[in-house]
Amino acid sequence: MIVSLDLARRYCRASTSDDALLTVLAEAAEGWAASFLNRKVFADQAAVDAAGLDAGTQPMIVNAQFTAAVLELVADRYDKRENGTANVSTTRAEKLLWPYRVGLGV
């Protein structure tokens, strides 16, 4: 997980009893964000170097926009977990990530 559990917990104002849920939500949000970007995202340059060829052609090192987008997604899903809302808004996350997308076919 790139975005720390502690940060996700603080952002959602959650208790430690929700750590398992927050971990799943953060991992899912990171996966969604990386897919939206069409690139692999790494915590730092050492992680990119360790990945070698598996890093892809345009790896990205996590930045504040990526972290904020992941936190937005986690908080949205965390807040809506009990009311069964199926249509989770990703607009704010997309706006944060859009400048970093690659491979749009244009």
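The rules behind the values
Numbering of residues starts from 1 in every chain and runs along the sequence as written. With the structure being a predicted model, the display of local features is reserved for residues of pLDDT at least 70 and the display and counting of side-chain atom pairs for 80 or more, all residues being used for whole-chain, interface and lining totals. Values shown for side chains rest on all heavy atoms present in the structure; no hydrogens or waters enter the calculation. Note on definitions: salt bridges are taken to be side-chain nitrogens of Lys or Arg within 4 Å of carboxyl oxygens of Asp or Glu. Secondary structure elements follow DSSP: runs of H or I no shorter than four residues count as helices, runs of E no shorter than two count as strands, and numbering proceeds from the N terminus. The buried label applies to any residue whose accessible area, calculated with a 1.4 Å probe on protein chains only, is under 20% of its type's maximum; exposed applies above 50%, and partly exposed to all values in between. Only buried residues count toward a nonpolar core, which is a set of Ala, Val, Leu, Ile, Met, Phe, Trp, Tyr and Cys residues joined through side-chain atoms within 4.5 Å. By definition in these notes, contact holds between two residues if any of their heavy atoms fall within 4.5 Å. How far a helix is expected to stretch is found by multiplying one less than its residue total by 1.5 Å. Note that the arc is defined by the directions from the helix axis to the C-beta atoms.

Chemist: Please clarify how the pattern of salt bridges should be interpreted in this entry.
Modeler: Working definition: two side chains of opposite charge can pair if their charged atoms are close together. All chains considered together, the criterion is met by five salt bridges. Residues R10 and D6 are paired through a salt bridge, measuring 3.1 Å at the closest nitrogen-oxygen approach. Here R10 pairs with D6, and both are found in helix α1 (residues 5-12), just four residues apart, close to one helical turn. Take D6: its relative accessible area is 37%, and that puts it in the partly exposed class. Across the pair D76 and K80 runs a salt bridge, and its minimum N-O distance is 2.9 Å. A relative accessible area of 16% means that D76 is categorised as buried. What makes K80 partly exposed here is its relative accessible area of 26%. Residues joined in a network through salt bridges with shared partners are D6, R9, R10 and D19.

Chemist: What am I meant to see in the nonpolar core here?
Modeler: Across soluble globular proteins, nonpolar side chains show a tendency to be buried alongside one another. Grouped together as the largest cluster of nonpolar side chains are 24 residues, with contacts concentrated most on C12, F66, V70, V74 and L97. Among the elements of the structure, α1, α2 (19-37), α4 (64-79) and α5 (91-97) are those that each provide at least two residues to this core. For V70, the contacting residues outside a window of four places in its chain are V3, A26, A29, E30 and A33.

Chemist: I tried to follow α4 on my own but got confused; where do I start?
Modeler: Given 3.6 residues per helical turn, the α-helix brings residues three or four places apart onto the same face. The end-to-end C-alpha distance of α4, which contains 16 residues, comes to 22 Å, matching closely the 22 Å that a straight helix rising 1.5 Å per residue would cover. Among the residues making up α4, those that are buried are F66, T67, A69, V70, L71, E72, L73, V74, A75, D76 and Y78. Contact partners of the buried residues in α4: α1, α2, β1 (41-42), β2 (60-61) and α5.

Chemist: Just to check I follow, could you spell out the environment of I61 for this structure?
Modeler: Looking at where I61 falls in the secondary structure, it is placed in strand β2. Taking the C-alpha atoms as reference, I61 lies 7.8 Å from V48; in sequence the two are 13 residues apart. For I61, the residues in contact, after removing those within four places along its chain, are F42, A43, D44, Q45 and V48.

Chemist: Is there a simple way to explain α1 in this structure?
Modeler: Three or more residues of α1 are buried, namely A8, R9 and C12. The arc that holds the buried residues of α1, viewed along the axis, is 100°, so those residues lie on one side. On its buried face, α1 sits against α2 and α4.

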